[in-house]
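# Per-entry structural report
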Amino acid sequence: MKKYICNECGGEFSKNQLDSELLIDGESFCKGCASSLMEAGRDFVDPNHNFDSYEDWDKNER
(Lines give C-alpha, C1' and ligand atoms only; values in the text may rest on other atoms or scores of the structure.)
Protein backbone atom coordinates (compact mmCIF):
# COMPACT_ATOMS: atom_id res chain seq x y z
CA MET A 1 0.00 0.00 0.00
CA LYS A 2 1.35 3.40 -0.99
CA LYS A 3 2.03 5.79 1.89
CA TYR A 4 1.82 9.57 1.69
CA ILE A 5 3.72 12.06 3.84
CA CYS A 6 1.62 14.77 5.51
CA ASN A 7 3.00 18.20 4.58
CA GLU A 8 2.17 19.50 8.07
CA CYS A 9 3.12 16.83 10.64
CA GLY A 10 5.41 14.65 8.51
CA GLY A 11 3.57 11.45 9.40
CA GLU A 12 2.97 8.62 6.94
CA PHE A 13 -0.62 7.91 5.98
CA SER A 14 -2.58 5.81 3.53
CA LYS A 15 -4.62 7.65 0.89
CA ASN A 16 -7.91 7.21 2.78
CA GLN A 17 -6.40 8.94 5.84
CA LEU A 18 -5.68 12.13 3.87
CA ASP A 19 -7.90 15.13 3.21
CA SER A 20 -9.26 14.25 -0.24
CA GLU A 21 -9.86 17.86 -1.39
CA LEU A 22 -6.27 18.88 -0.74
CA LEU A 23 -4.94 15.67 -2.28
CA ILE A 24 -6.66 16.61 -5.56
CA ASP A 25 -4.68 19.89 -5.49
CA GLY A 26 -1.44 17.93 -5.08
CA GLU A 27 -1.03 18.58 -1.37
CA SER A 28 -0.87 15.80 1.21
CA PHE A 29 -2.39 16.65 4.59
CA CYS A 30 -3.74 14.06 7.01
CA LYS A 31 -7.33 14.61 8.11
CA GLY A 32 -6.23 15.73 11.59
CA CYS A 33 -3.85 18.40 10.30
CA ALA A 34 -6.32 19.57 7.63
CA SER A 35 -8.99 20.00 10.29
CA SER A 36 -6.60 21.86 12.59
CA LEU A 37 -5.50 24.20 9.80
CA MET A 38 -9.12 24.92 8.81
CA GLU A 39 -10.01 25.74 12.43
CA ALA A 40 -6.99 28.06 12.72
CA GLY A 41 -8.11 29.86 9.55
CA ARG A 42 -11.65 30.26 10.89
CA ASP A 43 -10.33 31.60 14.19
CA PHE A 44 -8.19 34.11 12.32
CA VAL A 45 -10.99 35.57 10.17
CA ASP A 46 -13.71 35.29 12.85
CA PRO A 47 -12.04 35.26 16.30
CA ASN A 48 -15.33 35.85 18.14
CA HIS A 49 -17.21 33.19 16.16
CA ASN A 50 -19.94 35.63 15.13
CA PHE A 51 -20.59 33.92 11.80
CA ASP A 52 -21.92 30.44 11.11
CA SER A 53 -20.29 30.12 7.70
CA TYR A 54 -18.16 31.91 5.14
CA GLU A 55 -21.39 32.85 3.33
CA ASP A 56 -22.40 34.91 6.39
CA TRP A 57 -19.01 36.58 6.26
CA ASP A 58 -19.46 37.46 2.58
CA LYS A 59 -23.01 38.80 3.09
CA ASN A 60 -21.78 41.18 5.77
CA GLU A 61 -18.83 42.30 3.60
CA ARG A 62 -16.18 41.48 6.18
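Each remark here, short or long, concerns the structure printed above.
Residues numbered from 1 in each chain as written. Predicted model: local features only at pLDDT ≥ 70, side-chain atom pairs only at ≥ 80, totals over all residues. Heavy atoms only, no water.

Quick look at the overall build of the protein chain now. Scanning the protein chain for helices and strands turns up three helices and two strands. Along the chain direction, N to C, the helices and strands of the protein chain fall in the order β-β-α-α-α. For the protein chain, the proportion of its 62 residues judged to be buried stands at 19%. Looking at the protein chain alone, contacts between residues at least 24 apart form 11% of all its contacts between residues at least 6 apart. Just so you have it, the protein chain exposes about 5,000 Å², and 48% of that area is on carbon and sulfur atoms. (Helix = DSSP H or I, 4+ residues; strand = E, 2+ residues; numbered from the N terminus. Buried < 20%, exposed > 50% of the residue type's maximum accessible area, 1.4 Å probe, protein only. Contact = heavy atoms within 4.5 Å. Areas by Shrake-Rupley, 256 points an atom, 1.4 Å probe, with all protein chains shown as cover.)

In terms of nonpolar packing, the biggest core is built from eight residues, these being Tyr4, Cys6, Phe13, Leu18, Phe29, Cys30, Cys33 and Ala34. Once residues within four sequence positions are removed from consideration, Ala34 is found in contact with Asp19, Leu22 and Phe29. (Core = buried A, V, L, I, M, F, W, Y, C linked by side-chain atoms within 4.5 Å.)

The next thing to look at is the pattern of salt bridges. Any two side chains of opposite charge can pair, so long as their charged atoms come close to each other. By the definition in use, this model includes one salt bridge. Where Glu39 meets Arg42, a salt bridge forms, and the shortest distance between an N and an O atom there is 3.7 Å. Of this pair, Glu39 and Arg42 are both found in helix α2 (residues 31–45), three residues apart, which corresponds to roughly one turn of the helix. (Salt bridge = Lys/Arg side-chain N within 4 Å of Asp/Glu carboxyl O.)

Here we take up the environment of Asn7. By the secondary structure assignment, Asn7 is in the loop between β1 (4–5) and β2 (12–13). We classify Asn7 as partly exposed; its relative accessible area is 43%. Taking the C-alpha atoms as reference points, Asn7 and Glu27, separated by 20 residues in sequence, lie 7.2 Å from one another. Non-local contacts of Asn7, meaning those with residues more than four positions away in its chain, are made with Glu27, Ser28 and Phe29.

This part takes up the environment of Cys30. As for its position among the elements, Cys30 is in the loop between α1 (20–24) and α2. Cys30 sits 18 residues away from Glu12 along the chain, and the two C-alpha atoms are 8.6 Å apart.

Turning our attention to the environment of Cys6. Assignment of secondary structure puts Cys6 in the loop between β1 and β2. Among the residues examined, Cys6 registers a relative accessible area of 3% and is labelled buried. Placed 23 residues apart in sequence, Cys6 and Phe29 show a C-alpha to C-alpha distance of 4.5 Å. Those residues in contact with Cys6 that lie beyond four places of it in its chain are Gly11, Phe13, Ser28, Phe29, Cys30 and Cys33.

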